[in-house]
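Each chain, written out:
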Amino acid sequence: MSVSVPGDPDVLSGLGFVCNQLEELKQKQKLNRQKEHEKRRKLEAKKNAAKIKEKAEGKESSGKSKGKTKKPLNKNSKKSFCRELNKVLEASDVVLEVLDARDPMGCRCPQLEQAVISSGGNKKLLLVLNKIDLVPKDNLEKWLNYLKKEFPTVAFKSATLMKDKTVQEQFTKRRRHVDLSKPSQCFGTKCLLKLLQEHGKTENRAIQVGVVGFPNVGKSSVINSLKGARVCNVSIARGVTKSMQIVHIDKQTKILDSPSVIADPSNSALALALRSIIDTEEPGSADVLEAVNAIINNCSKQQVMMHYSMPDFRNPEEFLSLLAQRRGMLKKGGVPDIENVAKLVLCDWTGGRISYHSEPPGSQTPPPYLTEQKIAEMQEGFNLKNLEEENRNTVQALKYPSPASSIIFQSAGMANGTLEENKVIEEGSNWKNVGRTKEEEEEEEEEEEEEEEEEEFTESDDDEDDMEEDDVEEESKVQVTRKAKLGKQEANPTNSEEQMAEGEHSTSLSFSLDKPAEEDDAYDFNTDYV
């Protein structure tokens, strides 16, 4: 009779076989748990989907209006811009509509003007003709004579901040610290402040003045000039102001800065190019290329060639290609970088780098909402003779570009704006959204609701992922108890291959998907499988 020794190779091989079998059982248990989790997830998803359908059917059967709970809007959304703009219009006693002197008619918004006129309450509307130093003197005088027949108009030149590096270097040589918050010289400030103060005296109370207009007309720059310091952010990029800002000029006057007016997609391509909010930082934006095409097609070709020192070109695409080659903006292989050069051209035209001008209409035809009575109401309470004299002094004090160096521009006329939140189109570019029906918009809103409701039951998946982590911790405890069990088995190594096969068969039968996870979650070491 042979006695087994602890170092016997037969015993060691038997122990290794037992370990392998236990590892296989562990893997099978893990797979079964995963299958059961998947089954639970599918069942819960079906239940939630059924609940969503019931809710939708209940809403349709009741026939109630879709009263959505108002959620906080994103500050960058166009709906948020409209909401803040309406706040400014409601709170203002005087509304300043800022116009770019290079295209005054294209900066006027008929919906905004009509909203101010029809609001009642002795609310006034003034036109601020900004950037007058970028147009020829004769053209400026024509526009002042044209606009003053409809609304009181103030000629204005906003202060510009010292952003040029060479200017900063000259100052830093003399002084260590340069205060960039103080603007440079501006014109028309005294005239505008005097008008507002006189109106406040007639009302015998403090007044609030709202500053409104399309992007890049210089609304925030006008406020900085009135205040005499940089109190509002200014940038070449469009849509910098995202909410209403209050600036105290004095005890009797408050200025309300507002986001830009949202251009309606029904406008012409030229109006959308100059008046809509286009993200030039977005890569692959087709809006930038379409905007440049619209601008170049409405300008004097010869003057554009002279300004950019370009040879003759057949179309805007060739113009951008030649300009990219001239400025060295090339991609790999010498391919012109059309996209980036288009961004530069668009920034030139929307900013203050290019002098261009448009001619006023030949005949004075006020819009339908502006009757003679309304014109008289808007002019009442202002000293128009003093205003005209102040404008004349401002015009004489400035230097202007020569008519030959200023590019002749064909204006597209008044630009329609969107003031109501429910009419704002958020997604996609302004050109892509043209022609969309209300039914399509309602379908998109319903899809968004379904996506939000689906997100609610996805949280249950995260809870079950936590259950899987708990299972892993239990498996680690099982490994510790298994080692203790193996230590006991070393003293009684009476295992046979047939008994191991029977044990494996019995355990495999014990696992089923119908059983709950708690019963088969861990290996039962109280049962003698060996």
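In short, a report on the structure. The model shown is predicted, which means the values in this text are computed figures rather than measured ones.

Cut-offs and rules
- Residues numbered from 1 in each chain as written.
- Predicted model: local features only at pLDDT ≥ 70, side-chain atom pairs only at ≥ 80, totals over all residues.
- Heavy atoms only, no water.
- Helix = DSSP H or I, 4+ residues; strand = E, 2+ residues; numbered from the N terminus.
- Buried < 20%, exposed > 50% of the residue type's maximum accessible area, 1.4 Å probe, protein only.
- Contact = heavy atoms within 4.5 Å.
- Salt bridge = Lys/Arg side-chain N within 4 Å of Asp/Glu carboxyl O.
- Phe/Tyr/Trp six-rings, centres within 6.5 Å; stacked < 30°, edge-to-face > 60°.
- Lys NZ or Arg CZ within 6 Å of the ring centre and 35° of its normal.
- Core = buried A, V, L, I, M, F, W, Y, C linked by side-chain atoms within 4.5 Å.
- Pairing = 2+ DSSP bridges.
- Axes fitted to C-alpha atoms, helices over the stretch in contact; angles between N-to-C directions.
- Expected span 1.5 Å × (residues − 1).

1. Thoughts on the overall build of the protein chain
From N to C terminus, the protein chain includes 18 helices and 10 strands. In the protein chain, buried positions account for 40% of the 530 residues. Taking all contacts inside the protein chain whose residues are at least 6 apart in sequence as the whole, residues at least 24 apart take part in 76%.

2. Let's talk about the pattern of salt bridges
Scanning all chains against the criterion turns up 17 salt bridges. Where R205 meets D93, a salt bridge forms, and the shortest distance between an N and an O atom there is 3.1 Å. Of this pair, R205 sits in the loop between α7 (189-203) and β4 (207-212) while D93 is found in the loop between α2 (78-91) and β1 (94-100), placing the two residues 112 residues apart along the sequence. Given a relative accessible area of 16%, D93 falls into the buried group. When the shortest N-O distance is used, the salt bridge between E113 and R108 registers 2.9 Å. Both residues of the pair, E113 and R108, belong to the buried class. The network of salt bridges with common partners includes D93, E203 and R205.

3. Regarding the packing of aromatic side chains
Applying the stated criterion across every chain yields a total of six aromatic pairs. Taking 5.2 Å as the distance between ring centres and 50° as the angle between the ring planes, the aromatic pair formed by F313 and F319 counts as tilted. F319 matches F313 in its accessibility class, with the two residues each being buried. With centroids separated by 4.7 Å and ring planes inclined at 35°, the aromatic side chains of W349 and Y356 adopt a geometry described as tilted. Grouping residues by exposure puts W349 and Y356 together as buried. Grouped by ring-pair contacts, the aromatic residues Y308, F313 and F319 constitute a single cluster. Across from the ring centre of F313, 5.3 Å away, lies the NZ or CZ of K301, which sits over that ring.

4. Focus on the nonpolar core
The nonpolar side chains of soluble globular proteins are, as a tendency, buried together. In this structure, L129, L192 and I255 are the most contacted members of the largest nonpolar core, which totals 66 residues. When neighbours within four sequence positions are excluded, L129 is seen to be in contact with L99, A101, P104, L140, W143, L144, L147, T153, V154, A155 and F156. Membership of the second largest hydrophobic core comes to 29 residues, among which are I295, F313, V341 and A342.

5. Digging into the sheet that holds strand β6 (residues 253-257)
Across the sheet, which stays open at both edges, the six strands sit in the order β3-β2-β1-β4-β6-β5 with mixed pairing between neighbours. The outermost strands of the open sheet, each flanked by one partner alone, are β3 (153-155) and β5 (245-250). Taking each pair of neighbouring strands and ignoring which way they run, the sheet shows an average axis angle of 25°. Those strands touched by helix α5 (residues 137-147) are β1, β2 (124-130) and β3, and its axis lies near 175° from that of β2.

6. Description of unusual backbone geometry
Of note in the backbone geometry, K131 takes a positive phi value of approximately 60° without being a glycine. Counting through the fold element by element, K131 comes out in the loop between β2 and α5. Positive phi, close to 60°, is recorded for N204, a residue that is not glycine. The exposed category is assigned to N204, whose relative accessible area is 69%.

7. So, the environment of L192
Counting through the fold element by element, L192 comes out in helix α7. We classify L192 as buried; its relative accessible area is 0%. Distance from L192 to V128, taken between C-alpha atoms, is 8.6 Å for residues 64 residues apart in sequence.

8. Some remarks on α2
The terminal C-alpha atoms of α2 lie 20 Å apart, and with 14 residues this matches the ideal 20 Å at 1.5 Å per residue to within 8%. Here α2 has its buried residues at K78, S80, F81, C82, E84, L85, V88 and L89. The elements touched by buried residues of α2 are β1, α4 (110-117), β4, β6, β7 (262-263) and β10 (417-418).

9. Quick word on the pairing of β5
Relative to β6, β5 runs antiparallel, the two being bridged by five bridges. Looking across to β6, one finds that I246 is bridged to L256.

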